[in-house]
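Inside the fold
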Amino acid sequence: MVTSRVVDAESEEPTRKDEHIACELEKLREWFKVCSGCWMTWINYIFITGFSSYCRYLKVADHFLPKEVKQQNEDLTKSFGEWLQYLTVGFNLLVYGIGSKKGLLDGFCKFISGYTYVTVDAYHPAVSMRTILQKLESGFSIRCGVKERNIVLWAAILANELGKKSEDVILVINNIDGVGLRHLFVREAVQQQALIELAKCKYIHIVASMDHFNTPSLWSWEMLGFYNFLWVKASTMCCYQLEILAGESKLLKLDSSNSAYDHTSASLEVIWQALTLNSRMIFVKIIKMFFNYNKPIEFSILYDRAKDDFLVNNDVVLQQHLIELLDHKLISKEQQLNGSEYISVLVDKNVNI
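Below is a short write-up of the structure. None of the values given here were measured: they were computed from a predicted structure.

A few words on the pairing of strand 3 (residues 169-174). Where burial is concerned, most of strand 3 is hidden: 6 out of the 6 residues are buried. A two-sided burial pattern is seen for strand 3, the buried positions comprising V169, L171 and I173 on one face and I170, V172 and N174 on the other. Here strand 2 (residues 117-121) pairs with strand 3 via 5 bridges, running parallel. Residue pairing across strands places Y117 opposite I170, the latter belonging to strand 3. Strand direction decides the pairing type here: strand 3 and strand 4 (residues 204-209), joined by 5 bridges, are parallel. Within the sheet, the bridge partner assigned to L171 lies in strand 4 and is I206.

Here it is in structure tokens:
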């Protein structure tokens with residue numbers, strides 16, 4: 001005999017909320033109002049006033065985060081010591097969650113300033129595994145002597161050379177699921193396979209962030225085994241300022257075809273924070289030379305000036321700095337018939353830098 005039991009909803013004790021939930025949706029109510037309220041007005045305003053207004057909007061939105069979320073972000077920074085211990089025992093860290101993790105990983109880099117580390121902003125579409133390998137080669141003065149087309153072999157040899165130095169290196173990757181590191185099929189995962197070759201080296205420790213919901217589909221179980229990831233949840237709820245800037249959004253007039261005069265003081269301020277010290281000094285030197293001569297700068301002349309000021313020690317390092325400036329659409333390069341490269345500035349002279 002089957003009996004049914006009718007339960008009075010009011011007589012039941014209400015379900016107790018989990019006190020350990022880091023970020024409840026009701027606590028984000030005011031933040032969502034700021035971000036999504038009057039969104040059509042904001043879009044119309046952006047079309048009229050340009051990208052600088054959008055940058056200001058993103059910065060203001062972060063200020064309206066609930067106190068609980070801000071406290072949670074502060075607590076995450078207190079766990080940096082644990083992160084370092086996990087790396088010491090052989091784990092790699094994969095930081096996931098809602099919101100930009102760029103600021104969090106930058107804070108971790110400051111925490112490990114006494115160690116050897118390399119940062120890569122893989123949210124730039126032009127950044128690929130080749131960029132990472134070139135950065136490691138130049139940073140540790142290693143010459144692998146391998147054709148760049150065989151990127152997996154190149155990574156394996158580089159990892160072996162770094163292992164011979166017996167020096168621990170922390171590789172911090174912002175957005176391991178960036179466009180340049182993705183692939184359509186797992187069997188074609190050349191970029192990720194090359195990164196795994198680095199992960200196999202016991203002296204190379206990886207701390208990476210991910211944002212796409214389907215990022216785990218980039219890896220097979222075997223690949224995850226080599227990565228040995230320890231998953232760290234970090235829902236910072238911060239806006240994706242630098243990530244949006246790097247995405248060449250046509251809505252924000254950041255497509256490369258017409259970006260020459262779309263840079264503003266606000267957008268340049270965001271880019272400036274993302275550049276390294278040497279890249280900043282090289283960019284300033286390019287601007288001075290370009291506007292003083294009122295013509296494109298020959299690469300060899302720029303190299304001589306940068307070398308005299310001890311900004312670079314070879315032309316390969318200078319090329320790496322120029323690639324970063326090219327990614328941000330700050331400069332352009334053109335090769336003449338005689339093989340010489342000439343550099344032009346894509347920033348309006350009237351914009352305050």
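Next comes the rest of the account.
What follows covers unusual backbone geometry. Its identity as a non-glycine residue notwithstanding, S166 has a phi of 55°, on the positive side. Along the chain, S166 turns up in the loop between helix 8 (151-165) and strand 3. Using a relative accessible area of 47% as the deciding quantity, one classes S166 as partly exposed. For N294, which is not glycine, the phi dihedral falls at a positive 55°. Here N294 lies in the loop between helix 13 (277-293) and strand 6 (297-298). On the accessibility criterion, N294 (61% relative accessible area) is exposed.

A few words now on the environment of T119. Examined against the element boundaries, T119 turns out to sit in strand 2. Of the residues examined, T119 reaches a relative accessible area of 29% and is grouped as partly exposed. Ignoring sequence-local partners within four residues, the contact set of T119 consists of C109, K135 and V172.

Right, let's get into the side chain of K101. Tracing the backbone shows K101 in the loop between strand 1 (92-96) and helix 6 (102-111). When its relative accessible area of 2% is taken as the criterion, K101 is described as buried. Of the polar contacts made by the side chain of K101, one reaches the side chain of D211; its length is 2.4 Å. With residues up to four places along the chain from it excluded, the contact list for K101 reads V95, Y96, N174, S209, M210, D211, A234 and Y240.

Looking now at the pairing of strand 4. Counting buried residues in strand 4 gives 6 out of 6 residues, a clear majority hidden from the surface. What you see with strand 4 is no split at all: I204, I206 and A208 on one side and H205, V207 and S209 on the other are buried throughout. Direction of pairing for strand 1 relative to strand 4: parallel, over a ladder of 3 bridges. From the neighbouring strand, L93 faces strand 4, where its bridge partner is V207.

A few words now on the nonpolar core. Counting residues in hydrophobic clusters, the biggest one holds 40 residues, and the most contacted among them are I173, I176 and L198. At the level of elements, strand 2, helix 7 (129-140), helix 8, strand 3, helix 9 (190-199), strand 4 and helix 10 (221-227) are the ones that each hand at least two residues to this core. Looking at this core element by element, the count peaks at 6 residues for helix 8. In contact with L198, not counting residues within four places along its chain, are M129, I132, L133, L136, A155, A159, L171 and I204. By size, the runner-up hydrophobic cluster in this structure holds 26 residues, among which are F291, L311, V317 and I343.

By the secondary structure assignment, G180 is in the loop between strand 3 and helix 9. Look at G180 and you get buried, because its relative accessible area is 15%. Between the C-alpha atom of G180 and that of H124, which follows or precedes it by 56 residues, the distance is 7.8 Å. Apart from residues no more than four positions distant in its own chain, G180 is found in contact with P125, V127, S128 and Q191.

Cut-offs applied
- Residues numbered from 1 in each chain as written.
- Predicted model: local features only at pLDDT ≥ 70, side-chain atom pairs only at ≥ 80, totals over all residues.
- Heavy atoms only, no water.
- Buried < 20%, exposed > 50% of the residue type's maximum accessible area, 1.4 Å probe, protein only.
- Helix = DSSP H or I, 4+ residues; strand = E, 2+ residues; numbered from the N terminus.
- Pairing = 2+ DSSP bridges.
- Contact = heavy atoms within 4.5 Å.
- Polar contact = N/O pair within 3.5 Å; in protein donor to acceptor, adjacent residues only side chain to side chain.
- Core = buried A, V, L, I, M, F, W, Y, C linked by side-chain atoms within 4.5 Å.

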